[in-house]
Amino acid sequence: MLIMSDLKDEYKHLLPLLPALLIVPILSIMGFESYEVAYLIILAPFLAFPTILIIGQIFNGQEKWKENLKEGGIIGLGSLLISFSVSFWIIIDYLTESVKFQSDSVATWFDWISFEVLQSDYTVTETTRILGVGVWIDSVTLMLLFVATFLCFLICWFSLGYMNTDPINEDRNHRFYAEFVLFAMGMFGMVLADSFLWLFIFWEIMGLCSYLLIGFYFWKDSAAYAAKKAFITTRVGDVFLMIGLLILYDIYGSLEFSVVFADPSLNGTVDSDKLFWALLMLFIGAVGKSAQFPLHVWLPDAMEGPTPVSALIHAATMVNAGLYLVARMVPFVDVSSHGVAGLDELGLIIAYIGGITAFMAASIAFVQNDIKKVLAYSTMSQLAYIFTGLGVSLWFYNHGKIEAATLVFGGSMFHLFNHAMAKGMLFMASGSVIHEVHHAHDHLHDEGTGENHDFDPQDMRNMGGLAAKMPVTSTAMMIGSMSIIGIPLIGGFWSKEAIVAKTWKASLDYEPMMMGPAILVLLTAGMTGFYMSRMWFMTFAGEPKNDVVNHVHESTPWIKEPLILLSIISAIGGFALSVLGIVKWLAKPYKYEFGIHEDSVFDQIIYELEHAFLPDDPNLRIVGWATIFLSLIVGPIVAARVHGGKLQDGESSNPLVSWLIFISDKFGSQDVSEMANSSLSEALQKRLYFDDFYEWVISKSIIPFSSFAAWFDKNIIDGAIKLIESSSVVGSMQIRRVTTGKARDYILMTAVGALSIFTLIWGVNG
Amino acid sequence: MIEPSWIVALGAILFGIGLLGTFYHKNAIVVLMCIELMLNAANLNFVAAASHYGDVDGWVFTAIAIAIAAAEVAIGLAILLSMYSTQETISLEAANKLRN
């Protein structure tokens, strides 16, 4: 256990990072524009990757490498600090002088692939630029860039505490940090990419890193299996994504945003059916990456990876890649500028996939006992909200309802922000819980009292009553859960409200088909309230369900700071940003100023509150209050009845948490063991049989085909090669006899050869 | 004036004699002489063509070829001497060490 002076010693390892903070001031004094050095965001982690790997391999196990550099963690943190500070500079620059950013492609550095075109009369006329290297910056880019760089930095910080104090990771952490920064590079690159091809390249780099990081504990069968499953499932989506990109290239002759988005309708000549299929294929790619139905099966298993990885990849950054790709489809369907009409079915499909996933994932989350699995399903469900919102927004765009479209588009992107902040923090908080419970268990075990070898530190049935032991974590987790649930005024409320309301508006006023997703997202709001509260109450409220809990202490350094910082952002960020008009700003880059638009801050706050709670449309008012009722009252109260309860006597946490636990006790307790044994519950435990079904399909279709292919390869293809090989051996043994080594024979052969060549030439010419 | 075709025919005959000589003789010195015979058959063709076309190029070529032939013979005899000193024979039957 660390005492106070040790803690101070820990943080002095940060001192080498101070020069990294100077990079932005130096560059700005040297006269660089912020977007000109945007490549530093990608370059810093890209260089850190081999550095950590090579130095780690050389100095592995040495005291200084372990203590002072945290097995590469400090190097990774430094590179991410550079990325974050440069991104922050760009954001500030964009907010203050957005004029500079209005050119189509913000900065292009060089041509990567270009061809000279040979005309039919064999003259080289023009140089066609196929692909350049540059950055594309608009408000969506910046929002995601902030999310990615900020969370990567914080999660790297968190990892210093989480990974380096676990003996199981001893001398392997340089691997973790190297893969971590490579992943970060992939994410930053994807966000900044100025063409679909670069987007795809970085997308695949992330896929690779996801595989490596999930399989970090590769000696465990389950981890190796999960890594493979994640990689292959997302690969299914990626194949479709690639097909989509090929169709797009066929249509536009380029994959660069500046070319494609300049006029997606090609003066109205574009074939809308073809474009529809291209966009649908891109969407399937997004479905794979963002773990939506029916390619969702990999995400829960991916929780086998270390917890910082879950926070980083599977909550905060990588799964947002799919959303980002869908958000990039707006110019194709926006009929008010150059979009193509008749693509509204795409919006419907996206909204339906979102609605189904949201509902399904939330219902599976009801019965999960693993704290990280609950969060995994919650991630799927919340991402599905964003997909629904984007689908509705694409539908609106395609019907020329720009006002509604921009509001729901901005709302969806804003939900992405709120969700990433809250979920990244929730995963880190769950990591904190798991870490401390695990340590407490090891501690007990060492003293010979803990005999339970099958103890699972992630199982919430081993927890309970942790609020008193872990005040910071429990508060952080409470705020994060509130943001995810959408408790009024906190974090996700502002964005979730927009999505639900606009989906209903679409279904009531325009398109009856939207009713499906609309009902599903409304129900899911209540279900979110239940499963998030259930998780919190099971973990932190009530009496300890296992003796281990009594030995838990919140003492590991590096873990608390990101939790506190993200709690603050989750709690007030949503409100503050919506007052500043982030929703419209996200949807209308270059046209909408970020900041206060009413006469005063106070007026602006009143305006936002009025829009959130008392919209003009009476239908929406009902929907809004129904959402609040379901998520604030129904879900949490049911959860409190089942899992709530007092802490042990004489223990207390901070006032807010204590009050919440006190309230939860008042709702009494309900026995649900009967429901827990029902067939529905079992189906949910089995994740609605999706995994079994896929396994069955694969064993019936792909495995027989694979064995046939293996047979074909071994016998037919290899057989042909072996035939060539053996016949040439026999042939050359025969030819060997001719080489006698006698000069006379060679002269004879030369003469005969020359003679026959002359005869041939003579015969041909004569 | 002798017809050029006669000279060319003489060259061809000399060349054939030289070629057959290289095939049938085992003595390396005789083979070397046969090679010289083929070379001079080629020279004869040059000279014939030069006198036919009234051009000096052929004469020049022939002069150079003779000079080169002299150098070649010097090398060839040196090889034969060294062969004799190692194998005590200059029979081409013995010169089959190139194999393997």
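If you're wondering where the values come from, they're calculated on a predicted model, not measured in any experiment.

Basis of the calculations
- Residues numbered from 1 in each chain as written.
- Chains lettered and ligands numbered in written order.
- Predicted model: local features only at pLDDT ≥ 70, side-chain atom pairs only at ≥ 80, totals over all residues.
- Heavy atoms only, no water.
- Helix = DSSP H or I, 4+ residues; strand = E, 2+ residues; numbered from the N terminus.
- Buried < 20%, exposed > 50% of the residue type's maximum accessible area, 1.4 Å probe, protein only.
- Lys, Arg positive; Asp, Glu negative; His and termini not counted.
- Salt bridge = Lys/Arg side-chain N within 4 Å of Asp/Glu carboxyl O.
- Contact = heavy atoms within 4.5 Å.
- Axes fitted to C-alpha atoms, helices over the stretch in contact; angles between N-to-C directions.
- Parallel < 35°, antiparallel > 145°, perpendicular 65-115°, else oblique.
- Left-handed = near helix turned anticlockwise from the far one by under 90°.
- Nonpolar A, V, L, I, M, F, W, Y, C, P; charged D, E, K, R; others polar.
- Core = buried A, V, L, I, M, F, W, Y, C linked by side-chain atoms within 4.5 Å.
- Buried area = accessible area lost by both parts, 1.4 Å probe.
- Polar contact = N/O pair within 3.5 Å; in protein donor to acceptor, adjacent residues only side chain to side chain.
- Phe/Tyr/Trp six-rings, centres within 6.5 Å; stacked < 30°, edge-to-face > 60°.
- Lys NZ or Arg CZ within 6 Å of the ring centre and 35° of its normal.
- pLDDT = per-residue confidence, 0-100.

## Examining the side chain of Lys289 of chain A
Residue and element names in this part refer to chain A.
Right, on to step 1. Inspection of the secondary structure puts Lys289 in helix α12 (residues 272-289).
Right, on to step 2. One buried charge, Lys289, has no salt-bridge partner; the nearest side chain with opposite charge is Asp238, at 4.7 Å.
Right, on to step 3. Setting aside residues no more than four positions away along its own chain, Lys289 makes contact with Trp203, Met206, Gly207, Thr234, Trp298, Met318, Val319, Ala321 and Gly322.

## Comments concerning the packing of helix α9 (residues 196-214) of chain A against helix α14 (residues 307-316) of chain A
All names here are of chain A.
Right, on to step 1. In contact at an axis separation of 11 Å, α9 and α14 are set at 155 degrees when each is read in the N-to-C sense. In terms of orientation, α9 and α14 fall into the roughly antiparallel class. Seen along the crossing, α9 lies across α14 with a hand that is left-handed. On the side of α9, the interface is formed by Cys209, Ser210, Leu213 and Ile214, while α14 contributes Val309, Ile313 and His314.
Right, on to step 2. Here the contact of α9 with α14 is built from residues that sort into 5 nonpolar, 2 polar and no charged.

## A look at the packing of helix α18 (residues 371-398) of chain A against helix α22 (residues 515-540) of chain A
Residues and elements named next belong to chain A.
Right, on to step 1. Running from amino to carboxyl end, α18 crosses α22 at an angle of 155 degrees, the nearest separation of the two axes being 11 Å. It follows that α18 is roughly antiparallel to α22 by the angle criterion. Relative to α22, α18 is oriented so that their crossing is left-handed. Facing α18, whose interface residues are Ile371, Val374, Leu375, Ser378, Ser381, Gln382, Tyr385 and Thr388, α22 presents Pro517, Val521, Thr524, Ala525, Thr528, Tyr531, Met532, Arg534, Met535 and Thr539.
Right, on to step 2. Classifying every residue of the contact of α18 with α22 by side-chain character gives 10 nonpolar, 7 polar and 1 charged.

## Some remarks on the nonpolar core
Residues and elements named next belong to chain A.
Right, on to step 1. Counting 225 residues, the largest nonpolar core has Phe196 and Phe332 as its most contacted members.
Right, on to step 2. Not counting chain neighbours up to four residues away, the residues in contact with Phe196 comprise Leu245, Leu248, Leu255, Phe257, Phe261, Leu282, Leu325 and Phe332.
Right, on to step 3. Listed in part, the 11 residues of the second largest apolar core include Val500, Trp504, Val521 and Val623.

## Concerning the interface of chain A and chain B
Right, on to step 1. Of the residues lining the interface, 11 residues belong to chain A; the matching set on chain B comes to 13 residues.
Right, on to step 2. The contact between chain A and chain B buries some 1,000 Å² in all, and 58% of this surface belongs to carbon and sulfur atoms.
Right, on to step 3. The largest share of the area that chain A buries against chain B comes from Lys742, Arg744 and Ile747 of chain A, three residues that together contribute 50% of it.
Right, on to step 4. Counting the contacts that link chain A with chain B gives 0 salt bridges.
Right, on to step 5. Applying the counting criterion to the chain A and chain B interface returns 0 residue pairs in polar contact (both at pLDDT 80 or more).
Right, on to step 6. Considering every element that reaches the side of chain A that touches chain B, the biggest residue donor is helix α31 (residues 743-765) of chain A, with 6 residues.
Right, on to step 7. Residue classes in the side of chain A that touches chain B are distributed as 5 nonpolar, 3 polar and 3 charged.

## Observations regarding the pattern of salt bridges
Residues and elements named next belong to chain A.
Right, on to step 1. What the rule picks out here adds up to 9 salt bridges over all chains.
Right, on to step 2. The shortest N-O distance in the salt bridge between Arg175 and Glu179 comes to 3.7 Å. On the criterion of helical spacing, the pair formed by Arg175 and Glu179 is a turn pair, its members being 4 residues apart in helix α8 (residues 173-192).
Right, on to step 3. The class for Arg175 is partly exposed, based on a relative accessible area of 28%.
Right, on to step 4. Taking the shortest distance from any N to any O, the salt bridge between Lys229 and Asp301 comes out at 2.5 Å. One end of the pair, Lys229, is in helix α10 (residues 221-252); the other, Asp301, is in helix α13 (residues 298-301), with 72 residues separating them in the sequence.
Right, on to step 5. Judged by its relative accessible area of 13%, Asp301 is buried.
Right, on to step 6. Connected through salt bridges with shared partners, the residues Glu204, Arg235 and Asp238 form a single ionic network.

## Observations concerning the packing of aromatic side chains
Residues and elements named next belong to chain A.
Right, on to step 1. All chains considered together, the criterion is met by 45 aromatic pairs over all chains.
Right, on to step 2. Where Phe176 meets Phe216, the ring centres are 5.7 Å apart and the plane angle is 70 degrees; that geometry is what we call edge-to-face. Of this pair, Phe176 sits in helix α8 while Phe216 sits in the loop between α9 and α10; the two residues are 40 residues apart in sequence, bridging distant segments of the chain.
Right, on to step 3. Residue classification places Phe216 among the buried positions, given a relative accessible area of 0%.
Right, on to step 4. Judged by centre distance (5.1 Å) and plane angle (10 degrees), the rings of Phe257 and Phe261 are stacked.
Right, on to step 5. You can call Phe257 buried: its relative accessible area is 0%.
Right, on to step 6. Here Phe261 falls in the buried class, since its relative accessible area comes to 14%.
Right, on to step 7. Put simply, the rings of Phe84, Phe88, Phe146, Phe150, Phe153, Trp157, Phe414, Phe417 and Trp558 pair up and form one aromatic cluster.
Right, on to step 8. The positively charged end of Arg172 is found above the aromatic ring belonging to Phe216, 4.2 Å away from the centroid.

## Brief notes about the side chain of Thr379 of chain A
Right, on to step 1. For Thr379 of chain A, the position within the fold is in helix α18.
Right, on to step 2. Once residues lying within four places of it in the same chain are set aside, the contact partners of Thr379 of chain A are Leu299, His314, Ala315, Val319, His419, Lys423 and Phe427 of chain A.

## Points about the confidence of the model for chain B
Right, on to step 1. Summarising the model, chain B shows a mean pLDDT of 88, and 95% of its residues fall at 70 or more.
Right, on to step 2. Complex prediction metrics read pTM 0.79 and ipTM 0.72.

## Looking at the environment of Thr233 of chain A
Residue and element names in this part refer to chain A.
Right, on to step 1. Mapped onto the elements of the fold, Thr233 is located in helix α10.
Right, on to step 2. Residue classification places Thr233 among the buried residues on the basis of a relative accessible area of 11%.
Right, on to step 3. Sequence separation between Thr233 and Thr165 is 68 residues, and the spatial gap between their C-alpha atoms is 33 Å.
Right, on to step 4. With near-sequence residues (within four places) excluded, Thr233 lies in contact with Leu295, Val297 and Trp298.
Right, on to step 5. Among the polar contacts made by the side chain of Thr233, one reaches the main-chain carbonyl oxygen of Lys229 at a distance of 2.5 Å.

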